[in-house]
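If you want the building blocks of each chain, they are given just below.
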Amino acid sequence: MQKIALPERPDWRARAEELGFTFADMGGEPYWDETSAYSFTLQEIEQDIEIPSTELHAMCREAVARAIDSEDWLTRLAIPREHWDFLRDSWTNGEPELYGRFDLAYDGSGPAKLLEYNADTPTSLYESASFQWLWLEEQQGLGVLSPDTDQFNRIHEALVERWAEIADQGTEIHFACDKDNPEDYATVEALGWSAREAGMGAHLTALAGIGLTEDDQFADDEDRVIGTLFKLYPWEDMLRDDFAPFLAVSQTRFIEPPWKAILSNKGILPLLWEMFPGHPNLLPAFFAADVEAALRGDGAAAPAVAAAFAAAESQLRRGHVTKPIFSREGSGVTLYQQGARPETNADDSYSHHPMIVQALAPLPEFDGFRPVLGAWMVGESCVGLGIREDRARITHNLSRFKPHFIEA
Amino acid sequence: MSQRKRSRHVALVLAGTALLGLSACREEQVDAESFPDLQSCVAAAQKNSLWFTEDDCRANFAAAEKEYLETAPRYESKELCEQEHGVGKCGGDPTQQQQAQNGGGGGFSFMPLLVGYMMGSMLSRGGGIFSQPMVQTANGRYTTPSGNQSFASNRGAGKVPSQVFTSKAAPTIGKPPLTQSAVQQRGGFGGSSTARSSGSRSFGG
């Protein structure tokens, strides 16, 4: 894994504009940044990212199977009790997942470490699947990159294939998001186009425009009943909204399926560590309530995790992060490193939720920037990569997107 | 290269502005013309028939009348009907009047009056010509029984989404997707964010 300075495509800004990539610059800083790119060997991509991510997803499915029948875990994950059956039914009925994104810390050596799983509403799909793909094609065309370079990016094709697997031909699918947020909108559009290519009907609807019919079905902003709904809106919120009591009776099929509420929750990190302790791609993780007194040194770890905590204690003391079980874009994340002042993301809007503690996997540094790898899952397989980097240790919503390629 | 790890192609025209996205999801537009009655359609066909004949007028007017009787909303009181369709724009249910004359029983219901019909050219879809009846809305506009499109007038030509003709008003029980429904309440999603912060934060991450 290397960071390589490259000439920008001379007309990429015009191209971005033409393609409606309206958020290529955000907050006065570049969001799409192709002045450099990350290069990988095929071995790094396959052995260190693709295979481990597919395995992590399989482990996550085991974690769902465990949590879905455990009152204790459903409670710890803050799933409202009245929705337990709703989640359980979606799991036992085998409702298939569409997509997700693992955030990994990786520097080209040693195993990639799972920071978190955006299993429910991951964004940056458009940049990863489409604009990044175009960058490689055009850089090859310009002779900047050799025609033998490649990219880990089968995302679009994999989505088309997945839609065809999980929905009958001609299924009318509604895509709901906050239309005023260009990033969310682009992610939903990328999905909508893949669904159309797979032979589905794709219809956009504003999330806030969804209505409830007299028969307790959901309807779009043109009053049409919603049969299948992709929502770029987190399950933890769906389960608490005014329409939550109608989720189970609406006859709507939801994508992601309701059981993803278990995975879109940082509480799965302690669950995974409990089920697969010492796994090379996992970091030691615990619920803060179980270990914070022990970490401070004025109490003991909860009995159930005492042994696991003791095994990880010195690693946690060297460095750890705390984060709320529900959080987006780095909100509420605080980073503690031995001998240094804690660093925290200023946005604490999720910090009233239960916290988890996770051992620190410091991000590698390249030219003053720290990349986080986004390993894209479609269905149960890892199919692509998107990278975001920042000067800060905690990646946030304005961090830059960087293209990557696989060496010839 | 033995094993390519990227897509053969991707959908490049995306991440559009709102317009781009919506146009992708908009139904095809077809030629349409509406008439208050059969005579005005026949007159138009005789004068400058572009895509329909007198026979089309007759056949489609009959189809629209039938459609009207099958799908126009029925109300239990005239007041309720007039609330939705305007004062003086409602009448009794003709099918029930027929039944009553034949000695049938049952309650009496009210329907918006048939105030015109609309024909659409579905030739580009391999279809031919389709029609829809028109009733009025409370604010004096004209609409098909399903209510999914409303028009300022019941005479004139223009382009309308093909869906006006392909998606008929449906019964209200067990509705399949993309048929019209009676929406009681909106805005039940997106309100209670676990982040409890204001502003334009992305819902994704």
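Chain B is annotated in an unreviewed UniProt entry as DUF1190 domain-containing protein from Paracoccus aminophilus JCM 7686.

Per an unreviewed UniProt entry, chain A goes by the name Glutathionylspermidine synthase and belongs to Paracoccus aminophilus JCM 7686.

Asks: With reference to specific residues and values, describe unusual backbone geometry.
Replies: All names here are of chain A. For the peptide bond that leads from Ile 255 to Glu 256, omega is -5°, which places it in the cis range. The residue Glu 256 is located in the loop between β12 (253–255) and α9 (260–263) in this model. Despite not being glycine, Ala 78 shows a phi value in the positive range, around 60°. In this structure, Ala 78 sits in the loop between α3 (71–76) and α4 (84–92).

Asks: Explain the environment of Ala 167 of chain A to me, and be specific about the residues and the numbers.
Replies: Residue and element names in this part refer to chain A. With respect to the helices and strands, Ala 167 occurs in the loop between α6 (155–166) and β7 (172–177). Sequence-wise, Ala 167 and Ala 198 are 31 residues apart; in three dimensions their C-alpha atoms are separated by 9.3 Å. What Ala 167 contacts, discounting residues up to four positions off in sequence, is Met 200 and Arg 253.

Asks: Please give an account of the packing of helix α2 (residues 38–48) of chain B against helix α3 (residues 54–71) of chain B that cites residues and values.
Replies: Residues and elements named next belong to chain B. Direction vectors running N to C along α2 and α3 enclose 160°, while the axes themselves pass 8 Å from each other. Classed by the angle they form, the pair α2 and α3 counts as roughly antiparallel. Two packed elements cross with a definite hand, and for α2 against α3 that hand is right-handed. Here α2 contributes Leu 38, Cys 41, Val 42, Ala 45 and Gln 46 to the contact with α3, which in turn contributes Glu 54, Cys 57, Arg 58 and Phe 61.

Asks: Tell me about helix α7 (residues 182–197) of chain A, and please be specific about residues and values.
Replies: All names here are of chain A. Helix length check: α7, at 16 residues, gives a terminal C-alpha distance of 22 Å against a target of 22 Å (1.5 Å per residue), a fit within 8%. With 12 of its 16 residues buried, α7 lies for the most part within the structure. If you check which residues of α7 are buried, you get Glu 183, Asp 184, Tyr 185, Ala 186, Thr 187, Val 188, Glu 189, Ala 190, Leu 191, Gly 192, Ser 194 and Ala 195.

Asks: Give a detailed account of the sheet that holds strand β17 (residues 355–359) of chain A, specifying residues and quantitative values.
Replies: Residue and element names in this part refer to chain A. What the five strands build is an open sheet, ordered β13-β17-β14-β15-β16; its pairing is antiparallel. Two strands in the sheet have a free side with no partner beyond their single neighbour: β13 (285–287) and β16 (343–344). Two strands pair when backbone bridges link them, and strand β14 (residues 319–324) and strand β15 (residues 334–337) are joined in this way by four bridges, in the antiparallel orientation. Paired with Thr 322 across the bridge in β15 is Thr 334. The sheet contacts of helix α10 (residues 268–275) involve β13, β14 and β17, and relative to β13 the element is tilted by about 120°. Packed on one face of the sheet, helix α12 (residues 306–318) meets β13, β14, β15 and β17 and runs near 105° to β14.

Asks: Account for the confidence of the model for chain B, naming residues and giving values.
Replies: All names here are of chain B. Mean pLDDT over chain B stands at 74; residues scoring 70 or higher make up 67%. Segment residues 15–26 is flagged for pLDDT under 50; beyond a separation of four residues in sequence, or across chains, it makes 29 contacts in the model. Low confidence marks residues 170–177, where pLDDT is under 50. Its contacts with residues over four positions away, or in another chain, come to 12 contacts. The ipTM for the predicted assembly is 0.86, set against a pTM of 0.75.

Criteria and thresholds
Residues numbered from 1 in each chain as written. Chains lettered and ligands numbered in written order. Predicted model: local features only at pLDDT ≥ 70, side-chain atom pairs only at ≥ 80, totals over all residues. Heavy atoms only, no water. Helix = DSSP H or I, 4+ residues; strand = E, 2+ residues; numbered from the N terminus. Contact = heavy atoms within 4.5 Å. Axes fitted to C-alpha atoms, helices over the stretch in contact; angles between N-to-C directions. Parallel < 35°, antiparallel > 145°, perpendicular 65-115°, else oblique. Left-handed = near helix turned anticlockwise from the far one by under 90°. Expected span 1.5 Å × (residues − 1). Buried < 20%, exposed > 50% of the residue type's maximum accessible area, 1.4 Å probe, protein only. Pairing = 2+ DSSP bridges. pLDDT = per-residue confidence, 0-100.

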